[in-house]
Amino acid sequence: MAILQKKICMIGDFSVGKTSLVAKFVRQTFSDKYLTTVGVKIDTKLLKLPDGNQVKFILWDIAGSDSLTTTTASYLRGAAGFLLVVDGTRLPTWNSALNLRLAVEKQIGSKPFIILLNKADLQEQWEMNEQAIEEKTKQGWKLLTTSAKNGMNVEQAFLELALLMT
Amino acid sequence: MANIPASVVRYIQSMWMAEMILTYLHVDIQGRLIDWGGYPQHYGLIDLTKDKLVVEQVNFLDGFLDITHTEVLQYLNIGGSRYINVHIVPLDGSIYVLLFDVTDEHNKQQKMQQQVNELSILTYRQSQLLQELETTRKKLSEEKKQLEQAIKLKSNFIATLSHELRTPLTSIMGYTKLLDDAKQANDYETKYLDSVKRNANHLLSLIDNVLDQTKLEIGQIKLHSNNCNVKQLLADLKSLFLPIAQEKNLLFDIKISNNLPTQLIIDELRFRQVLINLITNGIKFTDKGFVEVEIAWQNGRLDFTVTDSGPGISSESQQKIFTAFHRESTAKTLPGAGLGLAISYHLVELMGGQLSVESSPQFGSNFTGFISANSVQFPNNNVNSISHTNIKVLLVDDSIDLRSLIELYLENYGYAVITASDGQEAVKLALQTKPDIILMDMQMPVLDGYNAVQQLRAKKFTKPIIALSGSNIEHDRKYAFEVGCNEYMTKPVDPENLLNTISKIIQ
Ligand SMILES: Nc1nc2c(ncn2[C@@H]2O[C@H](COP(=O)(O)OP(=O)(O)OP(=O)(O)O)[C@@H](O)[C@H]2O)c(=O)[nH]1
Ligand SMILES: [Mg+2]
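Residues numbered from 1 in each chain as written. Chains lettered and ligands numbered in written order. Predicted model: local features only at pLDDT ≥ 70, side-chain atom pairs only at ≥ 80, totals over all residues. Heavy atoms only, no water.

Caption draft 1: Up close: the site of ligand 1. Residue and element names in this part refer to chain A. Neighbouring ligand 1 are 23 residues, the closest being Lys 18, Ser 20, Ser 31, Tyr 34 and Thr 36. Measuring from an oxygen atom of ligand 1, one finds a side-chain N or O atom of Lys 18 at 2.7 Å. Backbone polar atom of Ala 148 to an oxygen atom of ligand 1: 2.7 Å apart, as the coordinates give it. The element contributing the most residues to the shell around ligand 1 is helix H1 (residues 18-27), with 3 residues. Across the shell around ligand 1, the residue classes break down as 6 nonpolar, 11 polar and 6 charged. (Near = heavy atom within 4 Å. Polar contact = N/O pair within 3.5 Å; in protein donor to acceptor, adjacent residues only side chain to side chain. Helix = DSSP H or I, 4+ residues; strand = E, 2+ residues; numbered from the N terminus. Nonpolar A, V, L, I, M, F, W, Y, C, P; charged D, E, K, R; others polar.)

Caption draft 2: Looking closely at helix H5 (residues 154-165) of chain A. Along its 12 residues, H5(A) runs 17 Å from first to last C-alpha, staying within 8% of the 16 Å computed at 1.5 Å per residue. For H5(A), the complete set of buried residues consists of A:Val154, A:Ala157, A:Phe158, A:Glu160, A:Leu161, A:Ala162 and A:Met165. (Expected span 1.5 Å × (residues − 1). Buried < 20%, exposed > 50% of the residue type's maximum accessible area, 1.4 Å probe, protein only.)

Caption draft 3: Quick look at the coordination of the magnesium ion (ligand 2). Residues and elements named next belong to chain A. All of the protein donors around the magnesium ion (ligand 2) are Thr 19 (OG1) and Thr 37 (OG1); their distances to the metal are 1.9 to 2.1 Å. Of the two residues, Thr 19 sits in helix H1 while Thr 37 sits in the loop between H1 and strand S2 (40-48), which places them 18 residues apart along the sequence. On the basis of relative accessibility, which here comes to 32%, the residue Thr 19 falls in the partly exposed class. The exposure class of Thr 37 is buried, given its relative accessible area of 16%. (Donors = N, O, S within 2.8 Å, 3.2 Å for Na, K, Ca; no water.)

Caption draft 4: How the structure looks around the packing of aromatic side chains. Taken as a whole and assessed by the stated rule, the structure comprises 13 aromatic pairs over all chains. Here B:Phe241 and B:Phe252 contribute two aromatic rings whose centre-to-centre distance is 6.1 Å and whose plane-to-plane angle is 55 degrees, an arrangement assigned as tilted. Of this pair, B:Phe241 sits in helix H5 (residues 230-247) while B:Phe252 sits in strand S7 (residues 251-256), and the two are 11 residues apart along the sequence. For the pair formed by B:Phe241 and B:Phe252, the shared burial category is buried. Between B:Phe322 and B:Phe367, the ring centres sit 6.3 Å apart and the planes meet at 80 degrees, which makes this aromatic pair edge-to-face. In this pair, B:Phe322 is assigned in the loop between helix H7 (315-320) and helix H8 (340-350) and B:Phe367 in strand S12 (residues 364-372), connecting sequence segments 45 residues apart. Relative accessible area serves as the criterion here: at 7%, B:Phe367 is assigned to the buried category. Above the face of the A:Trp60 ring, A:Lys7 is positioned so that its terminal group lies 3.5 Å from the ring centre. Above the face of the A:Trp141 ring, A:Lys136 is positioned so that its terminal group lies 4.7 Å from the ring centre. (Phe/Tyr/Trp six-rings, centres within 6.5 Å; stacked < 30°, edge-to-face > 60°. Lys NZ or Arg CZ within 6 Å of the ring centre and 35° of its normal.)

Read these as layout, nothing more, since geometry by itself doesn't imply function.
So, in structure tokens, the structure goes:
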């Protein structure tokens, strides 16, 4: 039987940690050095679900931006869900995420997504607004605090997205 | 290229990418790989199998096989270091996937974007830091304001407290004096009474100093500059300190420059306070030798120096000596709160001058200062020539002898005199008869002079009041001015001097 294949997009402003999250998830590596993504980087990862089934993730790590450009919009076609990444140490990336979500939905329709508040290891620089987060949680959004550096909730994030898509 | 339809070839040629390594995949309507050409392995596409689903072999095509028009994916990386531009071209029910290597172009773009992003993050961090700095600054200035407020409250509290302490203490002193006067005391009792007096005096001067220092801190001390007979003032000081110096076997002198005018416009009370502080210190710390005061005047500036042959002050202490509550280690055994010099320093500043110290262990200390002091051309009136018939004087004293004596004297010079024997009566009479001037004894039964003057001033009595006091203690003099007296004369009063003072004030 052919393995179920799912296309997942990494969306978010620049330097929020999209590439780092994928690197941690796929290769268990992390680098402090920042190398911005231009275009899109495609990776695959086989994931075992709690029910024993396997799913093959095709991960599209898209160049970061605060809005959707025509180039990036074309990458979204066929996505089954997406991870919306925010840099917890830069408040403006939260608003970028909210804008991007609307733009993505316009492009490919409503798809499952999870907001990742990344860089949780940098607590002393944390700029997230608890109230805004609570508000979104109340609306039924799924939010996770992650760190590509120490691995916190990284596996969890992909797994939960997989569950949202089945 | 033989397998590619002419239209697709034309499409490729329109891209001007002739030098790029062309690779293509041909996919049928069911999504199966029919054919490929060029160098798929260049992009990492190996083990391609015909007639198998293409999305299982080329993952990124998932989702792109149902397109209706040409779709371009820019800068795609599917592993390795190569970047591909992917063109998906639907044609007659099948799909051509064209791959172009754009690695060089990508790398150029990437470098540029990298710089833009890094700069943007840097700017953001910088603005955050500035904001943090601003917040901290705001917080600090808020805290500073609160601290200043707290200090002010505390100073106000100390001022009130000192004032409250003063009242019962004056009464203790008054009654001690009465007891002393009334009684033929034996040796013991005299000794005890002296001790009470001495200690009460000390306590009072301490309280007064704290009060002054606090008022200086909160800017509550205002100067009252007026005509002052400086020569008289210095003569007073000399007679005040000479016996004290002699008791310690010290030489004491006040030297005055020839051109010192008799009258200067200064705050007499405060200038006197400064000199008293400096002279008292000099005498207190000097065990052998001399204490000398020099006074000179020139062009609206009054210079003064107090020199002693005492132990001197170390140079590091000289820097702290004018700070409130600073006390020399040599002074630990002597009484005092370390306020005198701080108060003097600030008072001199307030009087438009400066106070400084020079000292060495061999030669002793030298306090030098100046204040601004303009001279006055005081019209030299002959007191006796003025008619005093219309001038009403209220004379208040509990001693009947003194009352009759002064009354007689004043009436001789044509003043109309009304008398009262205690403060309460004085207040009543003053409000009824509205005298032009009041001569007020300070120590009286029922209601003392200080309270009487205070009440009168509170009831808007504005005419001059001269305090007649048995006390030549400095704080009594100061307190009299504070409650609203215009002059302070110590008993026994010289009648000539009294007349002069009255006519000067009435003018
Ligand atoms: N401390 C910490 N640093 C992180 C974390 N995730 C990413 N970073 C760092 O953040 C910077 C950006 O990470 P990337 O993964 O390149 O971010 P990106 O979202 O892919 O950025 P673009 O490709 O420019 O959109 C890098 O220097 C990473 O090392 C994290 O969880 N903790
Ligand atoms: Mg990236």
